[in-house]
Amino acid sequence: MRLVNTLAIAALALLLGCQTGPPVAVPQPPVVQVPQGPPPKPKIALVLGGGAARGFAHVGVIRVLEQEKIPIDMVVGTSVGSLIGAIYAADLSSFDLEWTAFQLEKDDLFDFGILNAVVGMGFARGDKLEAWVKGHVKTTNIENLKLPFAAVATDLNWGYQVVLDSGPVARAIRASAAIPGVFPPVKHQGKILVDGGVVNNIPISVARAKGADIVIAVDISGNVGNTNITNLLDVSLQATNIMFALNVEHSKKEADLLITPAGIGDVGMLDFTQKKRCMQAGIESTKAALPAIRKAIDDWSAAHARPALPTP
């Protein structure tokens, strides 16, 4: 055994003695950073609040976003916001939307009647509103619109928010815009519904629940002052206006970008003579917000970009 060990040690010493220099390093290929495709894009939601005739400002907002190629992946609206949002979601054309809005008059939507006011549940029936939407939004059902869309209404019996993202477009908008005291409640999807502004006039939470990464919200409910209240209709409208303005105070803080068109706070809820002024306010406020909008998109993309991987 000792002889075997001795021979093994001698063999090892012989092998070590044969090495004439340090080991040669094998060259490795250079590491090349390979980008992982284009940067990720956020899902952007446009949330349009209620405010009756002031809603023409929404048209100006959409016009600028389209012209500046700010991508919109979904629209969520309450009351007039649902009306403007559905028209755009059907065609994705701000030009057509603007043309349609300029033609829209108060009498196209409000079918006031003395008998209805006395024995009904609102000053207007709401039939004209629904018929007008059917005539101008050619897509019958929400799920077939070109852009994902949801209208927000309120369950009158239980006070719940109701998100209408399927079924007839016209009926959903009629329900979402059924201002209490002005229009009667709407029977839809087994519920009794009124204006979504009662519980959520700027439905940012709905957009978040639908997967929005960035929410651009438009608030047209500011400045509730009104010293020209002379009849029961005025009382109903002013009470609604106050309610809309108050319930956005908390929710609007959840928006990534909040657009508040300036200079339209004195526009009455049924004043359709100020369309151009409201649209222009929407245009100007959105142009002012463009740098912040682009920064929010860039920041999101940078934060969610996947790191480049080395090639082997």
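Below, the structure is looked at part by part. Being a predicted model, the structure only gives us computed values, none of them experimental.

**Brief notes about the overall build of the chain**
When you go through the chain residue by residue, the secondary structure sums to 11 helices and 10 strands. For the chain, the residues scored as buried account for 47% of the 312 residues in total. In the chain, of all internal contacts separated by at least 6 residues, the share reaching a separation of at least 24 is 76%. Here the chain has roughly 16,200 Å² of accessible surface; of this, 60% comes from carbon and sulfur atoms.

**What about the pairing of strand β5 (residues 161–164)?**
Of the two faces of β5, the one holding Val162 and Leu164 is buried and the one holding Gln161 and Val163 is not buried anywhere. In this structure, strand β4 (residues 149–155) lies alongside β5, joined through four bridges in antiparallel fashion. Counted as the bridge partner of Ala153 is Val162 from β5. Between β4 and β5, which pair antiparallel and follow one another directly, the connecting turn spans five residues, one of which, Gly159, has a positive phi of 75°.

**Considering a nonpolar patch on the surface**
Taken together, Ile229, Leu232 and Val235 make up a surface patch of nonpolar side chains, about 270 Å² in accessible area. Looking at the element boundaries, Leu232 is found in helix α10 (residues 232–251).

**Considerations on the side chain of Ser79**
Structurally, Ser79 is set in the loop between β3 (74–78) and α3 (80–91). Classification of Ser79 as buried rests on a relative accessible area of 3%. Among all residues touching Ser79, those that are not within four sequence positions of it are Gly50, Ser176, Ala177 and Asp195.

**Here we look at the packing of α3 against helix α8 (residues 169–176)**
In the contact formed by α3 and α8, the axes pass within 8 Å of each other and the chain directions differ by 155°. As the angle between them shows, α3 and α8 are arranged roughly antiparallel. Crossing geometry of α3 relative to α8 is assigned as right-handed. Each of Ser82, Leu83 and Ala86 in α3 lies in contact with α8, whose residues at this interface are Val169, Ile173 and Ser176. Broken down by class, the residue content of the contact of α3 with α8 amounts to four nonpolar, two polar and no charged.

**A look at the pairing of strand β2 (residues 44–48)**
Among the five residues that make up β2, five are buried, leaving the element largely enclosed by the rest of the structure. Where β2 meets strand β8 (residues 214–218), five bridges bridge the pair, whose relative direction is parallel. Among the inter-strand pairings, Leu46 is bridged to a residue of β8, identified as Ile216. Judged from the four bridges that link them, β2 and β3 form a sheet pairing that is parallel. From the neighbouring strand, Leu46 faces β3, where its bridge partner is Val75. In this fold, β2 hands off to helix α2 (residues 56–67), which returns the chain to β3; that crossover is right-handed.

The rules we used
Residues numbered from 1 in each chain as written. Predicted model: local features only at pLDDT ≥ 70, side-chain atom pairs only at ≥ 80, totals over all residues. Heavy atoms only, no water. Helix = DSSP H or I, 4+ residues; strand = E, 2+ residues; numbered from the N terminus. Buried < 20%, exposed > 50% of the residue type's maximum accessible area, 1.4 Å probe, protein only. Contact = heavy atoms within 4.5 Å. Areas by Shrake-Rupley, 256 points an atom, 1.4 Å probe, with all protein chains shown as cover. Pairing = 2+ DSSP bridges. Patch = residues over 30% accessible without salt bridge, like charges linked within 9 Å, V, L, I, M, F, W, Y side chains within 5 Å. Salt bridge = Lys/Arg side-chain N within 4 Å of Asp/Glu carboxyl O. Axes fitted to C-alpha atoms, helices over the stretch in contact; angles between N-to-C directions. Parallel < 35°, antiparallel > 145°, perpendicular 65-115°, else oblique. Left-handed = near helix turned anticlockwise from the far one by under 90°. Nonpolar A, V, L, I, M, F, W, Y, C, P; charged D, E, K, R; others polar. Right-handed = clockwise from strand over helix to strand, strands pointing away.

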